[in-house]
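# Secondary and tertiary structure notes
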Amino acid sequence: MSAPLLSVENLSISFPGDAGPVRVVDRVSLSIALGETLALVGESGSGKSMTALAIMRLVPKPGRIEPGGRVGFQGRQLLSLSVPDMRAVRGGGIGMIFQEPMTSLNPVTSVGDQVLEAIELHASLSRADARSRVIELFSLVGIPDAKRRFGAYPHQLSGGLKQRVMIAMAMAMRPRLLIADEPTTALDATIRAQILELLRDLSATTGTALLLITHDFGVVNEVADRVAVMYAGQIVEEGTRVELLGRPRHPYTQGLLRSIPKAETRGRRLDEIKGAVPAPGHWPSGCRFHPRCSNAFAPCPRVEPVRTAVSPTQAACCHLLDRSVQP
Amino acid sequence: MHWVSDIVVLLLILAAIGAWRHAGRDAFWRENAIELWRRRPFAIAVVGIYLLIALMDSIAWVDRASEAYALTSGKARTIIDRIFQPENFTEASYSAPLARVAFYGGQPLLHPGQHLLGTDLLGRDVVYRTLKGARVALLIGGLTSLVVIPIALLFGVSAGYFGRRIDDAVFFAMTVLASVPTLLLLIALIMVLGKGTVQVCVALGVTGWVHFCRIARGETLKLREADFVAAARALGVREGTIIRRHILPNIAHLVIITFALSFTALVLSETILSYLGIGLDGSWGQMIDQARNELSRTPVIWWNLAGASIALFTLVLAVNMIADALRDIVDPRTRREGR
């Protein structure tokens, strides 16, 4: 495999707390190849959205990216770029779409003008050219009657259409990477399928890599090439979709997959992972999952597990996989 | 300082022409302008008439016939002056509307039946004085709003958007201003600056920006965290552009409401200043203040008060009605569908 499009190494994010800084993302490393779709899966509060914001260098204040982390994108170190250079990367090299299409559009500007703004930021086109590019984008993301919708205001569009506008905006400058933070969470099930299909098609036709943040394995199954699972600010397992969905190795991933309702388990009580995700700053010692893990044994509360490869593409952080750890 | 108010009038006219041309080009504003006209034709016409009167009272020149007047009063004569010829159109003292004889004594008037709203103590025509008051009222409302809104927007939006030190500084200024009684501060400012149209407007502006600044700051604080601002940042939009394209348009309806409300509040508050004796010469407030004593006479002399009050009330009502309609139109969230 050639150099990845995006490589995140050792990324930590902390917020100031009452007793010193509190880490919400802890030494996360991940990489995305050209045109690849990586799904970042985890429960609420596991740090997946924060990781995405850190890639864009948009971590909300007073949070900060700790020194020592690296975010490489197309051979450039994003964390050390100047502010104007970083601004060019946002929207130009990396696009981002958000969870809430309802509130992610400016209510007092027509949607066409908002996408126009995205284009005019990064390219010097004439007004007419930019306008026709917007209409082209609208048809690309499947907005019917694109010409008429140019002048529409957000409140005149449905949630699904708004999310399409957001995608058009993020795709305006043909970014090499699109970060989608739970793009379908706020949408109806039928619309969700359409939006996922759109993202998959866009990725296939334009060669845009996709970092998809989700907590929904149904979404993962539909679009992801590879999957990374986050728990308590760390990546606990990663692998290809087939590997991870077919043969999960980390007890947390296994638990997540078991807790999805399936046709064959109908009528039986659904498996669940007992307990809740620990809050940042109150992470357990050793393996952070051990208080909720049914397989926990002696070293788990004491020693932090290391990343253990189980195949060239799959790896997990669990003592069960590490032959050097003796029970 | 007469020329300052002339410049303000000129600016207001230029702004109106600019807005007209802009509305002609931009479909959104053209639609809004048409919608506003459709909803409030009468109120717009009323404000237009006031503007016209104020304009007619602002255009002044000196020619041979008015040279003597210009020399004695130090003022060139305006169109309104030329229409009424005030130095020839006076009586000895009070006269009732359309009366043929004086109110006291019953002597025949110089201009019987021509004073539509009678004359005041000095025999001046009340219609003329009322019309002269329109310019003063529009100046107080307009000029002061033009002082207040930019200051309040600048401080409020930057405090809300950038926070931290700027916020602290703006808040300190607001707290200091708010802890001084407004009327006391007004009187002190007018004593320091001197009495005059511009001085009074500046004094009213300095004391009046705190309220709107607080609103602008709060709204900006809310909008700064809005998802569409985060989305704009993720697109690589500059901070200045975010403020211009995403924050300001979303508080535009507040600006318009504040402009209208503060406009009418200022016109009304001038009457209070007049009551305290620090109002503007020739204002409706002054007329109302002078009419106080006349109300206790028998038979009552009501036309002085009526002229000023009706003029004041009509203007305030019309501006409020326009503001109300504008708010509904400009803010698409409150705009009714399928109109």
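Residues numbered from 1 in each chain as written. Chains lettered and ligands numbered in written order. Predicted model: local features only at pLDDT ≥ 70, side-chain atom pairs only at ≥ 80, totals over all residues.

Below, the discussion takes up the overall build of chain B. Within chain B, the regular secondary structure consists of 13 helices and two strands. Principal-axis analysis of the C-alpha atoms gives chain B an extent of 80 × 45 × 45 Å. Evaluated residue by residue, chain B yields a buried proportion of 37% over its 339 residues. (Helix = DSSP H or I, 4+ residues; strand = E, 2+ residues; numbered from the N terminus. Buried ≥ 20, exposed ≤ 12 C-beta atoms within 10 Å, placed from the backbone.)

Let us look at the overall build of chain A. In terms of helices and strands, chain A carries 10 helices and 13 strands. Its C-alpha atoms give chain A a radius of gyration of 21 Å, near enough to 20 Å, the size a compact globule of 327 residues would have. Dimensions along the principal axes, computed over C-alpha positions, put chain A at roughly 70 × 50 × 45 Å. Relative to its full complement of 327 residues, chain A shows a buried share of 45%. The long-range share in chain A, meaning contacts at least 24 apart out of those at least 6 apart in sequence, stands at 61%. (Rg over C-alpha atoms; globule rule 2.2 N^0.38 Å. Contact = placed C-beta atoms within 7 Å.)

Okay, the sheet that holds strand S3 (residues 37-41) of chain A next. Residue and element names in this part refer to chain A. Overall, mixed pairing links the eight strands, which are arranged S7-S8-S9-S3-S10-S11-S13-S12 in an open sheet. Each edge of the sheet is formed by a strand with only one pairing partner; in this case those strands are strand S7 (94-97) and strand S12 (307-309). Each strand of the sheet is rotated relative to its neighbour by a mean of 20 degrees, with strand direction disregarded. Pairing between S3 and strand S10 (residues 226-231): four bridges, direction parallel. (Pairing = 2+ DSSP bridges. Axes fitted to C-alpha atoms, helices over the stretch in contact; angles between N-to-C directions.)

Attention now goes to helix H1 (residues 48-55) of chain A. Burial within H1(A) is extensive, with eight of its eight residues counted as buried. Buried residues of H1(A): Lys48(A), Ser49(A), Met50(A), Thr51(A), Ala52(A), Leu53(A), Ala54(A) and Ile55(A), and no others.

Now for the packing of helix H3 (residues 111-122) of chain A against helix H4 (residues 127-140) of chain A. Residue and element names in this part refer to chain A. Put simply, H3 and H4 touch, their axes get as near as 9 Å, and they point 115 degrees apart. When the axis of H3 is compared with that of H4, the two are roughly perpendicular. Judged by the twist between their axes, the crossing of H3 over H4 is right-handed. Touching Gly 112, Val 115, Leu 116, Ile 119 and Glu 120 of H3 are Ala 130, Arg 131, Arg 133, Val 134 and Leu 137, all from H4. Looking at the contact of H3 with H4 residue by residue, the classes come out as six nonpolar, one polar and three charged. (Parallel < 35°, antiparallel > 145°, perpendicular 65-115°, else oblique. Left-handed = near helix turned anticlockwise from the far one by under 90°. Nonpolar A, V, L, I, M, F, W, Y, C, P; charged D, E, K, R; others polar.)

A few words on the interface of chain B and chain A. Facing 17 residues of chain B, the contacting portion of chain A comprises 23 residues. Put simply, the parts of the chain that give the side of chain B that touches chain A at least two residues each are helix H10 (227-234) and helix H11 (239-275) of chain B. Per element, the largest residue contribution to the side of chain B that touches chain A is six residues, and it comes from H10(B). Its residues assigned to classes, the side of chain B that touches chain A shows nine nonpolar, three polar and five charged.

By size, the foremost hydrophobic cluster in this structure holds 161 residues, and its most contacted members are Val115(A), Ala168(A), Leu211(A) and Leu212(A). Apart from the residues lying within four places of it in its own chain, the contact partners of Leu212(A) are Thr37(A), Leu38(A), Ala39(A), Leu40(A), Ala180(A), Val219(A), Val223(A) and Ala224(A). (Core = buried A, V, L, I, M, F, W, Y, C linked by C-beta atoms within 7 Å.)

Before going further, it helps to examine unusual backbone geometry. Residue and element names in this part refer to chain A. Of note, the amide linkage connecting Lys 61 to Pro 62 takes the cis form, showing an omega dihedral of 0 degrees. We note that Gln 74 has phi near 50 degrees; this positive angle belongs to a residue other than glycine. Position of Gln 74 among the secondary structure elements: in the loop between strand S5 (70-73) and strand S6 (76-77).

This next bit is on the environment of Arg244(B). Structurally, Arg244(B) is set in helix H11. With 230 residues separating them in the primary sequence, Arg244(B) and Leu14(B) have C-alpha atoms 23 Å apart.

All names here are of chain A. With respect to burial, strand S11 (residues 234-240) is a largely interior element, six of its seven residues being buried. Pairing analysis gives two bridges linking S11 to strand S13 (residues 315-317), with the strands arranged antiparallel. Residue pairing for S13: Glu 238 is matched across the bridge by Ala 315.

What follows deals with the pairing of strand S2 (residues 20-32) of chain A. All names here are of chain A. Examined bridge by bridge, strand S1 (residues 6-17) and S2 share nine bridges and lie antiparallel to one another. In the sheet register, Leu 6 faces S2, and the bridge partner there is Ile 32. Taken together, S1 and the strand that follows it, S2, pair antiparallel across an intervening segment of two residues.

Residues and elements named next belong to chain A. Mapped onto the elements, Leu 245 comes out in helix H9 (residues 241-246). The class for Leu 245 is partly exposed, based on 16 C-beta atoms found within 10 Å. Leaving out residues up to four positions away in the same chain, Leu 245 has contacts with Asn 221 and Leu 257.

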